Amino acid sequence: MKKPELLAPAGDWEKLRYALAYGADAVYMGGQAFGLRAYAGNFGFQEMEQAVRWTHDLGKKLYITVNIFAHEPDFEELPAYLKQLETLGVDGAIVSDPGVIAIAQEVAPRLPLHLSTQANNTNSYSVRFWLKQGIERVVLARELTLEEIRAVRTKVDGGLEIFIHGAMCMSYSGRCLLSNYLTGRDANRGECTQPCRWGYALVEEKRPEVVFPIEEDERGTYVFNSHDLCLLPHLPLLKSIDIDSYKIEGRMKSVQYVASTVKVYREAIDTLWDQGEEAFQAKLPQWLEEMDKVSHRDYSAGFLFGKPGASSHNLVSSHYVRDYDFVGVRLDEGNIDNEAAAADTTDESVAWIEQRNNFKLGEVLEVLTPQGDCWSFEVKEMWDIEVEPIEVARHAQQKIRMTVPRMILPYSILRRAKSERK
């Protein structure tokens, strides 16, 4: 079986670079219109052109989301937008609306089209239908079991993609009206406020002041609060199905989330395909440990083994598991303003860090790197951009010089266990 493409989210330029540095084969991102993540750091055309060039120079691919359920006014600017994507040379547009597909095929015939999970493809008949319409790849609905995915694969020859990691929507493949109804922001046009994660309880019509808890929980029950998807332990089962692309959800997540999940799945796929299942199972515990270090809800296998029950929902809280703080990223010479300070970037005992969360002397930080295992060190000396000694990196995105016991590689991420915070 050929290795599947590892497809990672690129919510902004920084996340795109980190996704590729940590081993993604391809990234998906949104332009400033027509995508389902209106509040991600989406790309203008100039940035998109740079992103395409950067990605292609690395021999990798870039896809653009155009997967809103389009309303009539959307079609005024859509044709020009699709033509621009074709001109830029993006490797595919992720679409869901038949009208958008028709316009794309008319005005941008060389633009490959991938059918979004929003189109709810749950069977081989619908997949074959869309392949006959010129779709190159179909992203299967998340509501399929392992055996259903296998059955679809055996009956169709076209490209198939599945989600393997990330947040799960309580509604069928993301088709939800809660946000629109409760907040006026349309989830199907990129503006979801995630009201499915709020606390709910019952109120009787004639006694509106009395709140009746569900499941005996006085704070309300999070009846729609699904766990996050994590198919990492089940990759050996998926391997034999020969899916073309494994997709990680999370364009709104942090750089640490992107780097960590991409690195784990890159290593897992390479180990399983190149060394076999025994080697995969030997390394699985350390990969699962790494997955627990990123901000996440409790994990589940989603629909892979059947309809998820209560064990796949958190009925107590909508809170994330956050055992580690993301505190910084390694800076390179081009991002250091002070020329005198930048001169020592070749010194392996010195590192320049951009702060993302405050940290101070005496704390132990862990370094996540694109290659090799994580390692830790105690912060013993720090200076600001003017090379004045400091004890606390307290300012947002502050540039910090520090001594380190070994070289911190480009694209490394620094984090701190919450238990280590002093």
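This is a predicted model, so every value here is computed, not measured.

Concerning the overall build of the chain
Across its full length, the chain carries 11 helices and 21 strands. Relative to its full complement of 422 residues, the chain shows a buried share of 54%. Within the chain, contacts between residues separated by at least 24 positions form 69% of all contacts whose residues are at least 6 apart in sequence.

Details of the pairing of strand E16 (residues 364-368)
Within E16, four of the five residues are buried, which leaves it mostly tucked inside the rest of the structure. Here E16 pairs with strand E17 (residues 375-378) via four bridges, running antiparallel. The partner of Val364 across the bridge, within E17, is Glu378. Between the antiparallel neighbours E16 and E17 lie six residues, among them Gly372 with a positive phi of about 85°. With three bridges joining them, E16 and strand E21 (residues 413-417) adopt antiparallel strand pairing. Across the sheet, Glu366 pairs through a bridge with Arg415, a residue of E21.

So, unusual backbone geometry
Of note, the phi angle at Val387 is positive, near 60°, even though the residue is not glycine. Mapped onto the fold, Val387 is located in the loop between strand E18 (382-383) and strand E19 (392-393). The residue Gln397 is not glycine, and still its phi comes out positive at about 60°. For Gln397, the location among the structural elements is in the loop between E19 and strand E20 (399-403). A residue is classified by how much of its surface remains accessible, and Gln397, at 49% relative accessible area, is partly exposed.

Comments concerning the sheet that holds E20
Pairing within the open sheet is antiparallel, and its seven strands lie in the order E17-E16-E21-E13-E14-E20-E18. Here the strands that pair on one side only, and so sit at the sheet edges, are E17 and E18. Strands strand E13 (324-330), E16 and E21 of the sheet are contacted by helix H9 (residues 255-275), whose axis makes an angle of about 95° with E21.

Focus: the pattern of salt bridges
Taken as a whole and assessed by the stated rule, the structure comprises 23 salt bridges. A salt bridge links Arg266 to Asp25, with the shortest nitrogen-to-oxygen separation between them at 3.0 Å. In this pair, Arg266 is assigned in helix H9 and Asp25 in the loop between helix H1 (13-21) and strand E2 (26-30), connecting sequence segments 241 residues apart. Judged by relative accessible area, which is 13%, Arg266 ranks as buried. Put simply, Glu147 and Arg150 hold a salt bridge, and the shortest N to O gap is 3.4 Å. Of this pair, Glu147 and Arg150 both sit in helix H6 (residues 146-155), separated by three residues, roughly a single helical turn. Via salt bridges that share partners, Lys3, Asp25, Arg266, Asp270 and Asp274 belong to a single interconnected network.

Overview of the nonpolar core
Counting 87 residues, the largest nonpolar core has Val66, Leu82, Leu232, Leu235 and Leu238 as the members making the most contacts within it. Considering every element that reaches this core, the biggest residue donor is H9, with 11 residues. In terms of nonpolar packing, the next biggest core, distinct from the first, is built from 17 residues, Ala351, Phe359, Met382 and Ala393 among them.

Focus: the confidence of the model for the chain
Scored by pLDDT, the chain has a mean of 87; 84% of the residues are at 70 or more. For residues 216-221, every residue scores under 50 in pLDDT, and the model assigns this stretch 12 contacts once sequence neighbours within four places are set aside.

What about the packing of helix H2 (residues 45-57) against helix H3 (residues 78-88)?
Interhelical geometry of H2 versus H3 gives an angle of 30° and a closest axis separation of 10 Å. Here H3 runs roughly parallel to H2, going by the angle between their axes. Along this stretch, H2 crosses H3, giving a crossing that reads as right-handed. Along the contact surface, H2 presents Phe45, Met48, Glu49 and Val52, while H3 presents Tyr81, Gln84, Leu85 and Leu88. Split by residue class, the contact of H2 with H3 holds six nonpolar, one polar and one charged.

Structural notes on the side chain of Thr261
For Thr261, the location among the structural elements is in helix H9. Under the relative-accessibility criterion, Thr261 is labelled buried at 0%. At 3.4 Å, the side chain of Thr261 and the backbone oxygen of Val258 are in polar contact.

Brief notes about H9
Taking 1.5 Å of rise per residue, 21 residues should cover 30 Å, and H9 covers 29 Å from first to last C-alpha, within 8% of that figure. Buried residues dominate H9, accounting for 17 of its 21 residues. The opening residue of H9 is Ser254, an N-cap whose side-chain oxygen sits 3.4 Å from the backbone nitrogen of Gln256.

Quick word on H2
The first and last C-alpha atoms of H2 sit 18 Å apart over 13 residues, in line with the 18 Å expected at 1.5 Å per residue. Those residues of H2 that fall on the buried side of the exposure criterion are Met48, Ala51, Val52 and Thr55. Relative to the axis of H2, the buried residues are bounded by an arc of 100° and lie together on one face. Structural note: H2 exposes Gln46 and Asp57 on the side pointing more than 90 degrees away from its buried face.

Things to note about the packing of aromatic side chains
Enumeration over the complete set of coordinates arrives at eight aromatic pairs. Look at Tyr18 and Tyr22: their rings are 6.3 Å apart centre to centre, the planes differ by 15°, and that puts the pair in the stacked class. Of the two residues examined, Tyr18 and Tyr22, each falls in the buried class. Each residue in the set Tyr18, Tyr22 and Tyr411 is aromatic and connected to the rest through ring pairs, giving one cluster. The lysine or arginine in question, Arg415, covers the ring of Tyr324, its NZ or CZ lying 5.6 Å from the ring centre.

Definitions and limits used
- Residues numbered from 1 in each chain as written.
- Predicted model: local features only at pLDDT ≥ 70, side-chain atom pairs only at ≥ 80, totals over all residues.
- Heavy atoms only, no water.
- Helix = DSSP H or I, 4+ residues; strand = E, 2+ residues; numbered from the N terminus.
- Buried < 20%, exposed > 50% of the residue type's maximum accessible area, 1.4 Å probe, protein only.
- Contact = heavy atoms within 4.5 Å.
- Pairing = 2+ DSSP bridges.
- Axes fitted to C-alpha atoms, helices over the stretch in contact; angles between N-to-C directions.
- Salt bridge = Lys/Arg side-chain N within 4 Å of Asp/Glu carboxyl O.
- Core = buried A, V, L, I, M, F, W, Y, C linked by side-chain atoms within 4.5 Å.
- pLDDT = per-residue confidence, 0-100.
- Parallel < 35°, antiparallel > 145°, perpendicular 65-115°, else oblique.
- Left-handed = near helix turned anticlockwise from the far one by under 90°.
- Nonpolar A, V, L, I, M, F, W, Y, C, P; charged D, E, K, R; others polar.
- Polar contact = N/O pair within 3.5 Å; in protein donor to acceptor, adjacent residues only side chain to side chain.
- Expected span 1.5 Å × (residues − 1).
- Arc of directions from axis to C-beta.
- Phe/Tyr/Trp six-rings, centres within 6.5 Å; stacked < 30°, edge-to-face > 60°.
- Lys NZ or Arg CZ within 6 Å of the ring centre and 35° of its normal.

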